Amino acid sequence: QVQLVESGGGLVQPGGSLRLSCAASGIIFSLSTMGWYRQAPGKQRELVASITSSGTPNYADSVKGRFTISRDNAKQMAYLQMNSLKFEDTAVYSCKARYALNDYWGQGTQVTVSS
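Fair warning: this is a prediction, and the values are worked out from it, not measured in the lab.

## Thoughts on the sheet that holds strand β7 (residues 67-72)
- Read across the open sheet, the 4 strands follow the order β1-β3-β8-β7; overall the sheet is antiparallel. The open sheet is flanked by β1 (3-7) and β7, the only strands paired with a single partner. Averaged over neighbouring strand pairs, the angle between their axes works out to 15 degrees when direction is ignored.
- Pairing geometry for β7 and strand β8 (residues 77-82), over 6 bridges, is antiparallel. Counterpart to F67 in the pairing with β8 is M82.

Now the structure itself:
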């Protein structure tokens, strides 16, 4: 059974930082492309960042230079370091694993940027 569990969300002030974590099980993590998506109220879900099995990252323009995606294959973990957070980064952040042509999702973690 595939399971993705996100953690690390919370309330942060503008300019602050958070680190999201995604713990994966039930897949061969090292062969999976991992991604972080977010969905704000009333908006469509969007890709924030992804990282291939070989470690190549990709970022949405809105987060380039502020967010960093990484992975630890030995721990089967993916991370999203978020710095210089803005009000518009408020959303539910979800982790996705693409493995063997299938997509698997976590339940998400809320990130709220507010003063």
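## Details of the environment of Y99
- Along the polypeptide, Y99 turns up in strand β9 (residues 91-99).
- In this structure, the C-alpha to C-alpha distance between Y99 and S53, residues 46 residues apart in sequence, is 9.8 Å.
- Once residues within four sequence positions are removed from consideration, Y99 is found in contact with I27, I28, L31, S32 and Y104.

## As for the packing of aromatic side chains
- Going through the model one piece at a time under the given rule, you end up with 1 aromatic pair.
- Looking at R19, its charged tip hangs above the ring of Y79, at a distance of 3.9 Å from the centre.
- The ring of W105 carries the charged tip of R45 above its face, separated from the ring centre by 3.7 Å.

## Section: the pattern of salt bridges
- Counted by the stated rule, this structure contains 6 salt bridges.
- For R38, the salt bridge identified is with D89, shortest N-O distance 2.9 Å. Note that R38 is positioned in strand β4 (residues 33-39) and D89 in the loop between β8 and β9, a separation of 51 residues in sequence. The pair R38 / D89 is uniform in exposure class, with both members buried.
- For D103, the salt bridge goes to K96, with nearest N and O atoms at 3.6 Å.
- Look at D103 and you get partly exposed, because its relative accessible area is 34%.

## Considerations on the nonpolar core
- The biggest cluster of nonpolar side chains holds 29 residues, and the ones touching the most others in it are M34, W36, V48, F67, L80, M82 and Y93.
- In contact with V48, other than residues within four places in its own chain, are W36, Y37, R38, N58, Y59, A60, V63, F67, L80 and Y93.

## Here we look at unusual backbone geometry
- One non-glycine residue, S84, lies in positive phi territory at about 50 degrees.
- On the secondary structure map, S84 appears in the loop between β8 and β9.
- Backbone geometry places L101, a non-glycine residue, at a positive phi of 65 degrees.
- Residue placement: L101 occurs in the loop between β9 and β10 (102-105).
- Residue classification places L101 among the exposed positions, given a relative accessible area of 83%.

## Some details on the state of the cysteines
- Under the definition given, this model contains 1 disulfide.
- With a sulfur-sulfur separation of 2.1 Å, C22 is cross-linked through a disulfide to C95. Given an S-S torsion of about -75 degrees, the disulfide between C22 and C95 has left-handed geometry. Linking C22 in strand β3 (residues 18-25) with C95 in strand β9, this pair joins segments that are 73 residues apart in sequence. Pair check on accessibility: C22 and C95 agree, each one buried.

Reading the values: the criteria
Residues numbered from 1 in each chain as written. Predicted model: local features only at pLDDT ≥ 70, side-chain atom pairs only at ≥ 80, totals over all residues. Heavy atoms only, no water. Pairing = 2+ DSSP bridges. Helix = DSSP H or I, 4+ residues; strand = E, 2+ residues; numbered from the N terminus. Axes fitted to C-alpha atoms, helices over the stretch in contact; angles between N-to-C directions. Contact = heavy atoms within 4.5 Å. Phe/Tyr/Trp six-rings, centres within 6.5 Å; stacked < 30°, edge-to-face > 60°. Lys NZ or Arg CZ within 6 Å of the ring centre and 35° of its normal. Salt bridge = Lys/Arg side-chain N within 4 Å of Asp/Glu carboxyl O. Buried < 20%, exposed > 50% of the residue type's maximum accessible area, 1.4 Å probe, protein only. Core = buried A, V, L, I, M, F, W, Y, C linked by side-chain atoms within 4.5 Å. Disulfide = S-S within 2.5 Å.

These results come straight from atomic positions and should not be treated as a statement about function.
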